[in-house]
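Here are the chains, one letter per residue:
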Amino acid sequence: MKHAHAFPAVTGPLATASAYATGYRDSKKHLHPTANLDDLRNAFGGDLPAKGQPGEQVIADLIHAAEPGLVGNTQPGFLAWVMGSSHTTGVAADWLTSIWGQNAAIYQCSPAAATAEEVACDWVLDILDLPRKASVGITTGATMASFIGLAAARDEVLRRAGHDFSQDGLQGTPRITIFISDDTHVSNLAALRYLGLGNRNIERIPTDDQGRLVIRALADRMALFRGPKIMVATAGHINSGAFDDFHALADLAIQHDAWLHIDAAFGLWARASLSTRAMTTGIDRADSWSTDGHKWLQIPFDSGFAIVKDKDAHRRAMDISASYLSEAPGDGRNATHFNPELSRRARGFTVWATLKALGRDGISDMVHNHCNCASLLAYKLEGTPGIIIHNDVVLNQLVLSFDRGRGAEDTDQMTQAMEAALNADGQHFFRTAVWQGRKVLRVSIISVDTGPLDIQLLARKMKDLWKDICG
Ligand SMILES: Cc1ncc(COP(=O)(O)O)c(C=O)c1O
């Protein structure tokens, strides 16, 4: 197709942003913020000017104010949390998304946005090998994706019990019981709360030392309850990376006519690589899945996917329709059927572009590489006196603590000291957490550029620092 016009030279604020952006990505900027809160308030602060300022100057001011407060989570040395590194092709598509200024509410607002989204959603189902007739909502992240999956779950289990949620709402509903692990990601509890389901509706099920649901305990607890039931399981535990037993869970769901939702914020992508796919066996038997684009897939923030096997249940829970939003014959996808938003960013463009830039093999290789890196780090650290690896390293995650043999309190202090020591030279960004009652150092290998050489250097640094601390 012929372009209607040549690409014009970029000018003004766009040129300033573009020139800076390329340099930012090409150079290694600070991993840790160099400004404190007061500095940042001063830099961003002052009175709102009465008169508008020139765009180039505003963008230059923004760069000047923001850069000292940025975290280098797009760099390979960032290992603190499971955050992707905003693939540059995705970033370019994201710029265009803003330039085009589309509202991806319904097909007629932007046929291009709707169609990019439709194709990208099909690609996601295909890569993940989930039921191709499932419906997909492109969300801001896994929390909103769980919100959508669990909204469909709530309405559907109530419908089966004779309660029409769209008519009767929360008033007079049969009691729904949610079965969820005692080590679930907090976002699932938040999503349930947003849906009117509080702690007294939730049965917390014990987990094993990897954070996996104990199936026997779940089966026993489910047998005690009658009425509508929802189960929430995990693919890729936030700390250990562990996977629940999906066949056992799906069998229980059938036995109890329960809805099975899988929080798979990053773990679902293990399905894209032959080397890790086996851990997701049976996951396709679930009713809904939530996953992120902005984690393992490296799509710029914010990006997630709510996937629901029963498209009608998905639509009943989310649909926003009005005469002024009517569809015409031949229209494509209306995102308002699948998302709790009307006006919304055309997130499909970045998803489409990032998937295309990585390709099926690229995604598989990336997942494989990160898991390989995690195994390599475990291998390099194993046998070092006092460095304890608490998880079975099955994915991209390691959970470490540092133990001088002087008791639990000292180990917590040493783990904290190692976090500070590892961060001190500015080459790495680590954070600790408390897991299963102990302070741990989390290692999440997720940045697109992290490779075996980075890991070998990290292992050497960790061992040297630990030796120094131990004296
Ligand atoms: C297992 C799991 N579930 C849910 C979430 C929430 O995802 P988001 O931050 O994209 O909403 C996370 C984020 O780290 C996660 O690791």
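Criteria and thresholds
- Residues numbered from 1 in each chain as written.
- Predicted model: local features only at pLDDT ≥ 70, side-chain atom pairs only at ≥ 80, totals over all residues.
- Heavy atoms only, no water.
- UniProt positions renumbered as here; feature names shortened; annotations may be inferred.
- Core = buried A, V, L, I, M, F, W, Y, C linked by side-chain atoms within 4.5 Å.
- Buried < 20%, exposed > 50% of the residue type's maximum accessible area, 1.4 Å probe, protein only.
- Helix = DSSP H or I, 4+ residues; strand = E, 2+ residues; numbered from the N terminus.
- Domains from an automatic or database assignment.
- Buried area = accessible area lost by both parts, 1.4 Å probe.
- Salt bridge = Lys/Arg side-chain N within 4 Å of Asp/Glu carboxyl O.
- Pairing = 2+ DSSP bridges.
- Axes fitted to C-alpha atoms, helices over the stretch in contact; angles between N-to-C directions.
- Contact = heavy atoms within 4.5 Å.

Named according to an unreviewed UniProt entry, the protein is L-2,4-diaminobutyrate decarboxylase originating from Roseovarius litorisediminis. Per UniProt, the protein carries the Sequence similarities (unreviewed entry) text "Belongs to the group II decarboxylase family." Listed in UniProt under the heading Cofactor (unreviewed entry), the comment for the protein reads: "pyridoxal 5'-phosphate".

With that settled, consider the nonpolar core. Counting 56 residues, the largest nonpolar core has Met231, Leu260, Ile262, Trp269, Phe305 and Ile307 as the members making the most contacts within it. Where this core is concerned, the elements lending two or more residues are helix 5 (111-128), strand 1 (135-139), helix 9 (215-222), strand 4 (229-234), helix 10 (246-256), strand 5 (259-263), strand 7 (304-308) and helix 12 (348-381). The dominant element in this core, judged by the number of residues it contributes, is helix 12, at seven residues. Counting only domains with at least three residues in this core, you end up with domain 2 (94-355) and domain 3 (360-470). Grouped together as the second largest cluster of nonpolar side chains are 26 residues, Ala152, Ala153, Leu195 and Leu197 included.

We now examine the domain arrangement of the protein. Per the domain assignment, the segments making up the protein are domain 1 (15-76), domain 2 (94-355) and domain 3 (360-470). Buried area between domain 2 and domain 3, summed over both chains or domains, comes out near 2,100 Å², and the portion from carbon and sulfur atoms is 58%. Of all residues in domain 2, Asn239, Trp296 and Gln298 give up the largest surface area on contact with domain 3, accounting jointly for 33% of the area buried on that side. The interface formed by domain 2 and domain 3 includes one salt bridge. The partner of Arg360 in a salt bridge is Asp126, and the shortest N-O contact between them spans 2.4 Å.

Here the focus is the sheet that holds strand 6 (residues 288-292). In a beta sheet, neighbouring strands are held together by backbone hydrogen bonds and run either parallel or antiparallel to one another. The strand order 1-7-6-5-4-2-3 describes an open sheet built from seven strands, whose pairing is mixed. Looking at the sheet topology across the chains shown, the edges are occupied by strand 1 and strand 3 (202-205). Between one strand and the next, the sheet's axes are offset by a mean angle of 20°, whatever the strand orientation. Where strand 1 and strand 7 come together, five bridges link them in antiparallel fashion. Bridging across to strand 7, Thr139 finds its partner in Gly304. Sitting on the sheet, helix 11 (residues 311-318) is in contact with strand 1, strand 5 and strand 7, with an inclination near 40° to strand 1.

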